[in-house]
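Structural characterization, general
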Amino acid sequence: MTQSTTTRGQAAPTEGGRPARAGRVEAVRFAATHTLPVLVRDLVGPPARLLRPAPGAGRPRWPAATLRALRARHGGAPVLLRGPTGPTLVLLDPLDLPRFHEAPPSELATCPPDKCRAPGAPAAGRPTRPEDHDDLREHRREVNEIVLASGSPVHPSCGPFLAVIADEAGRLGASPTLGLARARHIVTRAARRMVLGDTAAGDEELAGWLDRLDAGGDRGAHRKNRAAETLHEKASARIARYAAAAEPFTLVGRARRHPDPAGTLDPIGQALHWLRALDTVPATLLRTLLLLAAHPAEHEAASTEARSGDAAKGELPRLRACVQETLRLYPVVPDLVRVTRTETEWRGVRHPAGTPVLLPALFHQRDPEHVPAADVFVPGRWTSPGSRADLRMAPFGHGAGRCPGDRLGLLVVSAFCAELLRGHRVRDGRPALHPVGPLPAALDPRRIRLTITRR
Ligand code: HEM
């Protein structure tokens, strides 16, 4: 790893304890292309915004060149950017990454990305004080860690989940081209089976309600929008019906078995989160297959692994590395956000409690000044010891905020890839990618078309 040219002690852009500020032009460019305003607005409660492919999904979300220029100008110091919702501290130097990831929630509270929150949840019952919000999130996080088995390399429901995926994945290769609509139809069926049970597999009505809730706009709009709350109530009632009869291996079945004396667990709300998180799988699946189609040697190695005996047990280290590398290049969550809970000092500058701190994860993961072959598909970088703990790479975050569904997410995407590659080849992917890069800054999954042929 190339080291940054600055250190905490050496950084000199904060003369007199004054923060490094972006100029107006930079701030406007940043705000115009960035998810930041939405994330910051949402710090006090869950929104209902869609993080699945949306208009603009093919464009870079932020200009890397602007961020690199800011970093150079301010010697790597965190930069205050003023957006419509107030100033945000943006971390541009890799030296600041450990603190972001390692600080306890009492110093830097985590702020889960949109994709991990239930769409359209009514405002009633949400805590309004930040401390209450933190307590509730900590409790739910604990439950998530147990249900999603974040600490164990193999999810306890791995066997039944692989059986569901094998069952559903057959149709991925059923016609000669594969695009987002079919991939999404197949994956969301499997997701409903894993979260709610087999009886939910064909519930396209529920899927439609969740899509409509997601498409409905931000939280403010929902609060005013009685129709959205009614939709949320209908979806929750339907989920509650499935939950009551869900098989023990399902996520909601596992959550139901968790003791909940205070009644704060909200398995129905959690089920909505999980369905939403799993809805990110189709885009990552298509991007991984497109990258494999453009890299024949990796494709061959992945196919060999998919046909091996260990694949049936979900042991797919090569394919997992391919998925992780896809997420490095095209992360589902390109920006991580925290909020300071107390007055906090960064490189000699004090920032008040309540300051949003943004780590542009995609910028760091593809930073050519610090990541070798930053714009090239190199899955092997994920097989070296310690790669999971490399703080430059944060497709799932790190530390207290790390995604509790990371292993499950990797299992699901790699198992779907393996099911397809066992009997098929993927080729002639569109858009065409150059095998030795540089790869494009963004890949809109709605534009991906794969040609599938039988082996
Ligand atoms: C490939 C798929 C996935 C990716 C790339 C991903 C990525 C992430 C990221 C980056 C975060 C925020 C980390 C941070 O703020 O530092 C997160 C949080 C979260 N993810 Fe995932 N995730 C995936 C799949 C899943 C799945 C399958 C589930 C559950 C079924 C899930 C549940 C959650 C939850 C509950 C949180 C919030 C944790 C908290 O409140 O602290 N994720 N995810």
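The shown structure was predicted, so the numbers you read here are calculated from the model rather than taken from an experiment.

What follows concerns helix α6 (residues 158-169). Between its first and last C-alpha atoms α6 spans 16 Å; for 12 residues at 1.5 Å apiece the expected length is 16 Å, and the two agree. Of all the positions in α6, only Cys158, Phe161, Leu162, Val164, Ile165, Glu168 and Ala169 are classed as buried. Projected onto a plane normal to the axis of α6, the buried residues spread over an arc of 160° and lie on a single side. Close packing links the buried residues of α6 with α7 (180-196), α11 (251-256) and α17 (406-423).

So, on to the packing of aromatic side chains. Enumeration over the complete set of coordinates arrives at 1 aromatic pair. Between phenylalanine 161 and phenylalanine 249, the ring centres sit 6.1 Å apart and the planes meet at 75°, which makes this aromatic pair edge-to-face. With a gap of 88 residues between them, phenylalanine 161 in helix α6 and phenylalanine 249 in the loop between α10 (226-245) and α11 connect regions that are remote in the sequence. Note on phenylalanine 249: relative accessible area 18%, which makes it buried. The ring of tryptophan 346 carries arginine 99 above its face, with NZ or CZ at 4.1 Å from the centroid. In this structure, arginine 366 is placed above the aromatic ring of tyrosine 330, and the distance from its NZ or CZ to the ring centre is 5.3 Å.

With that out of the way, let us pick up the sheet that holds strand β5 (residues 177-178). Within the open sheet, the 3 strands sit side by side as β5-β11-β10. Their pairing is antiparallel. Each having just a single partner strand, β5 and β10 (424-430) make up the two edges of the open sheet. By the bridge criterion, 5 bridges tie β10 to strand β11 (residues 449-454) in an arrangement that is antiparallel. Opposite arginine 425, over in β11, you have threonine 453 as the bridge partner.

The rules behind the values
- Residues numbered from 1 in each chain as written.
- Predicted model: local features only at pLDDT ≥ 70, side-chain atom pairs only at ≥ 80, totals over all residues.
- Heavy atoms only, no water.
- Helix = DSSP H or I, 4+ residues; strand = E, 2+ residues; numbered from the N terminus.
- Expected span 1.5 Å × (residues − 1).
- Buried < 20%, exposed > 50% of the residue type's maximum accessible area, 1.4 Å probe, protein only.
- Arc of directions from axis to C-beta.
- Contact = heavy atoms within 4.5 Å.
- Phe/Tyr/Trp six-rings, centres within 6.5 Å; stacked < 30°, edge-to-face > 60°.
- Lys NZ or Arg CZ within 6 Å of the ring centre and 35° of its normal.
- Pairing = 2+ DSSP bridges.

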